[in-house]
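Observations on the three-dimensional arrangement
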Amino acid sequence: MAAISRDEVAHLARLSRLAVTEQELDTFAGQLDVILQAVARVGEVAAAEIPPTSHSVPLTNVLREDVVINCLTREEALAGAPDVEADRFRVPRILDEEA
Amino acid sequence: MTTTTLPDYDAAVAAFEPVIGLETHVELGTNTKMFCGCPTDFGGEPNTRVCPVCLGLPGALPVANKAAIEATIRIGLALNCSIATWCRFARKNYFYPDMPKNFQISQYDEPLCVDGYLDVEVDGRTVRIGIERVHLEEDTGKTLHVGGATGRIHGATESLVDYNRAGIPLVEIVTKPVPGAGALAPEIARAYVTELRDILRGLGVSDVRMEEGSLRCDVNTSLNRPGEEWGTRTETKNVNSLRSVERAVRSEIIRQAAVLESGGRIIQETRHFSEETGDTRPGRSKEEATDYRYFPEPDLVPLAPDPQWVEELRAALPEAPRVHRKRLQEAWGLSDLDMRSVVNAGAVELIEQTVAAGATAAAARKWWLGELARRANEDGIELSAVGATPAQVAELQTLVDGGKLNDKLARVVLEGVIAGEGSPTAVMEARGLAVVSDTGALTAAVDEAIAANPDVAAKVRDGKVAAAGALVGAVMKTTKGQADAKTVRELILERLGAN
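Residues numbered from 1 in each chain as written. Chains lettered and ligands numbered in written order. Predicted model: local features only at pLDDT ≥ 70, side-chain atom pairs only at ≥ 80, totals over all residues. Heavy atoms only, no water.

The name given to chain B in an unreviewed UniProt entry is Aspartyl/glutamyl-tRNA(Asn/Gln) amidotransferase subunit B, with Asanoa siamensis as the source organism. In UniProt, chain B has this text filed under Sequence similarities (unreviewed entry): "Belongs to the GatB/GatE family. GatB subfamily." Quoted verbatim from the Subunit (unreviewed entry) field of the UniProt record, the comment on chain B reads "Heterotrimer of A, B and C subunits." (UniProt positions renumbered as here; feature names shortened; annotations may be inferred.)

For chain A, an unreviewed UniProt entry supplies the name Aspartyl/glutamyl-tRNA(Asn/Gln) amidotransferase subunit C and the organism Asanoa siamensis. One UniProt comment on chain A, placed under Sequence similarities (unreviewed entry), says "Belongs to the GatC family." Listed in UniProt under the heading Subunit (unreviewed entry), the comment for chain A reads: "Heterotrimer of A, B and C subunits."

This part is about the packing of aromatic side chains. All names here are of chain B. Counted under the stated rule, the structure contains 5 aromatic pairs over all chains. Each ring, one from Phe 35 and one from Phe 89, has its centre 5.4 Å from the other, and the planes form 85°; the classification is edge-to-face. Remark: Phe 89 occurs in the loop between strand S3 (82-83) and strand S4 (90-93) and Phe 35 occurs in the loop between strand S1 (17-27) and strand S2 (64-65); sequence separation between them is 54 residues. Residue classification places Phe 89 among the buried positions, given a relative accessible area of 3%. Between Tyr 94 and Tyr 292, the ring centres sit 6.4 Å apart and the planes meet at 80°, which makes this aromatic pair edge-to-face. In this pair, Tyr 94 sits in the loop between S4 and strand S5 (103-106) while Tyr 292 sits in the loop between strand S14 (280-285) and strand S15 (295-296), placing the two residues 198 residues apart along the sequence. By the ring-pair criterion, three or more aromatic residues cluster together here, those being Tyr 94, Tyr 108, Tyr 292 and Tyr 294. Above the face of the Trp 367 ring, Lys 366 is positioned so that its terminal group lies 4.6 Å from the ring centre. (Phe/Tyr/Trp six-rings, centres within 6.5 Å; stacked < 30°, edge-to-face > 60°. Helix = DSSP H or I, 4+ residues; strand = E, 2+ residues; numbered from the N terminus. Buried < 20%, exposed > 50% of the residue type's maximum accessible area, 1.4 Å probe, protein only. Lys NZ or Arg CZ within 6 Å of the ring centre and 35° of its normal.)

Before going further, it helps to examine the sheet that holds S15(B). Paired through backbone hydrogen bonds, the strands of a sheet run either parallel or antiparallel to each other. Residue and element names in this part refer to chain B. Strand order across the open sheet formed by 3 strands is S5-S4-S15, with antiparallel pairing between neighbours. At either end of the open sheet lies a strand with only one pairing partner, and these are S5 and S15. By the bridge criterion, 4 bridges tie S4 to S5 in an arrangement that is antiparallel. Across the sheet, the residue bridging to Ala 90 is Ser 106, located in S5. (Pairing = 2+ DSSP bridges.)

Shown next as structure tokens:
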């Protein structure tokens, strides 16, 4: 059984705002399936007593004190912006996704 | 769309049982952002409180702010929650430019605090509101939509983004669903947010200003017929004052009841509350569940709060607002009923501060629940926003107690204070409102009144002291109300030898 369906690939493409053709969907679904099958093999050796790992280093509580550091200047902050208006990053509108 | 006339509120809650739930976001008052050292001060020029971390520049790594973790744990403890012994941050992925990283660092299935409660008092009874979770995340940037006529996203062609707010620590507090509220649902929602705000203020973790957005509230509402399963809920956003919390629940109950009564169904959606109209309008539809693809944040190591640290924080919690109010009630000598009207008017702290500024509790209560509450009601605003400070009210009362103002003049002075003309003393002097205390001028006015009303004067001379009222009235008229009536009366009786 495939690890990922063509529909799931289409859904992810939409979430990522990637314009994927019908033919590309077939290609990517096949490629992603190979990758996922390979990664899934890890599950074959993961026994019940081994918890899922999200972090490779055994550290907790890496915190910083609440002390202000220097920010970037506005010119520096906006230097890499695709476009600037009124000292703000100017980007295309996003419809129907008002957070 | 339906054009059904809306049923009234009483009919709605007679036919349906509301279930409410509240999600509250609180911006913490830390010095720096959640994952970087940029300052959090309000009102900086756009994009001047940003760094590689909060701009999501390649290679920048977040480090959690210890003060924000501590504040969140304290909030959890104050809300009777269990504190996680181990938890992780999570990435919430979404495509919208208010976060430059294309994701928000939040907490998902491992919140820092879970399963608590908050007791609130409504209409003389105590209602326990379950707390589902308290978690920590980062606030988003502010987007400004341009190119359209309305400033809202529909019709806009471009968005302008300021990332000063992006990354400010934001605590989300989610209640469990509150069933069984019945007709009191709107009041309970308001009482919950009020109590929560007081707790947060007491903890000193946030300035909790709803109008500035440091305390934001989303209200979930659903209706079901008695005995049936809970209905589909809507989520109302943009609820920016305590009064609006109550109005939003109320209007959503009425709206949903109308839809259901006419055979329609409620759509699970986000709605926006309008301060102007007092009703809710549809926003983004949630029929297709949002897919945020949460996963553990790889750039931040897990949190494991030391239980001993948590216990120290618990031991150092301030007195709960409820306990504090009980103490104030005793100190002010108020009955339960009187105290409730103080609480309902949102006047507890204002009176407390007025007393601290030197007024008696009785005088402070008289001003805040009398003249000032009337003004707030008329203008449809919170009492705290009425335009007079506790210090000014105390100063006003000092002028009354010192005989410089009578009650009537004091009310006029208060008008001036509210209008922004300055302190009570400044308003009194600028408008020439002080009581006429110059005995010479008063005596002249008294003599004039006696001369103009010989019949009345004769009666008073004969011992009919009650008749002096007419003379007092005449003097008050010539002094344009700026005399102390008691002094005038004494002066008249003295002049007429009736003392």
